[in-house]
Amino acid sequence: MIRMFPFIRFLLIAAALSGASVYAQRANAAGADLFARHCVACHQADGEGIPGLAPPLVGALKKVAELDQGRTYIAHVLISGMAGTIKTRGGKFTGAMPSQAALSDHELAAIASYVLTTFNASPVVLQPEGFAALRSKPLPPAEVRKLREQVLAQVGGQ
Ligand code: HEC
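Residues numbered from 1 in each chain as written. Predicted model: local features only at pLDDT ≥ 70, side-chain atom pairs only at ≥ 80, totals over all residues.

Trainee: When you look at the site of the ligand in this model, what are you seeing that I'm missing?
Mentor: Around the ligand, the surrounding shell holds 27 residues, and the nearest of these are Cys39, Cys42, Ala54, Gly95 and Met97. Contributing elements (two or more residues each) for the shell around the ligand: helix H2 (40-43), helix H3 (68-80), strand E1 (82-88), strand E2 (91-97), helix H4 (105-120) and helix H6 (141-155). Looking at the shell around the ligand residue by residue, the classes come out as 18 nonpolar, seven polar and two charged. (Near = placed C-beta within 6 Å. Helix = DSSP H or I, 4+ residues; strand = E, 2+ residues; numbered from the N terminus. Nonpolar A, V, L, I, M, F, W, Y, C, P; charged D, E, K, R; others polar.)

Trainee: What's the story with the pairing of E2 in this structure? I'm lost.
Mentor: For E1 and E2, the ladder comprises seven bridges, and the chain directions are antiparallel. Its bridge partner being in E2, alanine 83 is matched across the sheet by alanine 96. Taken together, E1 and the strand that follows it, E2, pair antiparallel across an intervening segment of two residues. (Pairing = 2+ DSSP bridges.)

Trainee: Sorry if this is basic, but what is going on with the environment of glutamate 143 here?
Mentor: Residue placement: glutamate 143 occurs in helix H6. Along the sequence, glutamate 143 and glycine 84 sit 59 residues apart, while their C-alpha atoms lie 9.5 Å from each other.

Trainee: Looking at this structure, I do not really get H6. What am I missing?
Mentor: Every α-helical turn comprises 3.6 residues, leaving residues that sit three or four positions apart pointing alike. Taking 1.5 Å as the rise per residue, H6 with 15 residues should run 21 Å; its terminal C-alpha atoms sit 22 Å apart, in good agreement. Within H6, the full set of buried residues consists of Val144, Arg145, Arg148 and Val151. Angularly, the buried residues of H6 cover 120 degrees about the axis, an arc narrow enough to put them on a single face. Structural note: H6 exposes Gln150 and Ala153 on the side pointing more than 90 degrees away from its buried face. Packing partners of the buried residues in H6 comprise H3 and E1. A positive backbone phi angle near 75 degrees is found at glycine 156, which sits one or two residues after H6. (Expected span 1.5 Å × (residues − 1). Buried ≥ 20, exposed ≤ 12 C-beta atoms within 10 Å, placed from the backbone. Arc of directions from axis to C-beta. Contact = placed C-beta atoms within 7 Å.)

Trainee: Looking at this structure, I do not really get unusual backbone geometry. What am I missing?
Mentor: With the exception of glycine, most residues fall at negative phi, and the peptide bonds are largely trans. Phi angles above zero are rare outside glycine, and glutamine 44 is one such case at about 70 degrees. Using a count of 16 C-beta atoms within 10 Å as the deciding quantity, one classes glutamine 44 as partly exposed.

Trainee: Which parts of the structure should I look at to understand the packing of H3 against helix H5 (residues 128-135)?
Mentor: The angle between the axes and the distance between the axes are what describe a pair of packed helices. Viewed as axis vectors pointing N to C, H3 and H5 meet at an angle of 65 degrees, and their least axial separation amounts to 10 Å. Crossing of H3 against H5: the hand is right-handed. Taking contact as the criterion, the partners of Arg71, Ala75, His76 and Ile79 in H3 are, on H5, Gly130, Phe131, Leu134 and Arg135. For the contact of H3 with H5, a count of residues per class yields four nonpolar, two polar and two charged. (Axes fitted to C-alpha atoms, helices over the stretch in contact; angles between N-to-C directions. Left-handed = near helix turned anticlockwise from the far one by under 90°.)

Trainee: What am I meant to see in the nonpolar core here?
Mentor: When a protein is soluble and globular, its nonpolar side chains tend to lie buried together. If you look at the biggest cluster of nonpolar residues, it comprises 28 residues, and the most contacted ones within it are Leu61, Ile74, Ala75, Val77, Ile111, Ala112 and Val115. Contributions of two or more residues to this core are made by H3, H4 and H6. Per-element accounting of this core gives the leading share, nine residues, to H4. If sequence neighbours within four positions are ignored, valine 77 has contacts with Met82, Met97 and Val144. (Core = buried A, V, L, I, M, F, W, Y, C linked by C-beta atoms within 7 Å.)

Trainee: Before we go on, may I ask you to explain the packing of H3 against H6 in this structure?
Mentor: Axis separation between H3 and H6 bottoms out at 10 Å; the angle between their running directions is 160 degrees. With respect to H6, the element H3 is oriented roughly antiparallel. Two packed elements cross with a definite hand, and for H3 against H6 that hand is left-handed. Across the interface between the two elements, Gln69, Gly70, Tyr73, His76, Val77 and Ser80 from H3 touch Pro141, Val144, Leu147, Arg148, Gln150 and Val151 from H6. Split into classes, the residues belonging to the contact of H3 with H6 amount to six nonpolar, five polar and one charged. (Parallel < 35°, antiparallel > 145°, perpendicular 65-115°, else oblique.)

Okay, structure coming up:
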C-alpha cells in the first residue's frame, strides 16, 4: 500500500490536469459557437472586422489582456458596449458596439476567452465572476472608450 502511494498520487494529478484541459477545450468550443451567433455579423468569422462597421479583433487585445485594467476593459466592452472614435490597427474607426449583456456571465466569459485565444494568441482566460461583478455597475459606452485609451497608453498601443 505504501509503495503504491506515489502511483496513485500521479494518477490524481494527471486526472486533475486533463480535467482542466477538457474544461478549457469545451469553453473554447462554446466560445466559437457563441461568437458565430453573436459577433460574426460585425467582426466577421476571421475577426478582421468590416471597415466602417466593426474594428478588427485580430491582434487587438493580446497586450491589453495582460493588465488587470485591460481585462476589465474587455469585460466592459461586452457588458456596457462602447461608442466613439478609436484608433485601431487599420487607422481611425468610429462606431458603436452594442451591449451584449443579454448573454450570461458564462457565455460572455467563453466568448471573450475564444477571442483572446483564437485571434490574439493570448493564454489569458476570462472568468464568469469578472462579468458578474461588472453587471451591477455598467459604464456609459463613451466611458468604456476612455478606459480603452487609458489601457492602451499603459501598454504602448495595440
Ligand atoms: C453591431 C455590430 C457589432 C456586434 C454584433 C459586435 N460588435 Fe464588437 N464592436 C463593434 C464596434 C462598432 C466596435 C468599436 C466601437 C467604437 O468605435 O467605439 C466594437 C468593438 C469591440 C471590441 C474592442 C476592440 C478594441 O480594439 O479594443 C471588442 C473586444 C469587441 N467589439 C468584441 C465583440 C464581441 C466578442 C462580440 C460578440 C459578443 C461583438 N463585439 C459584437 C461592433 C459590433
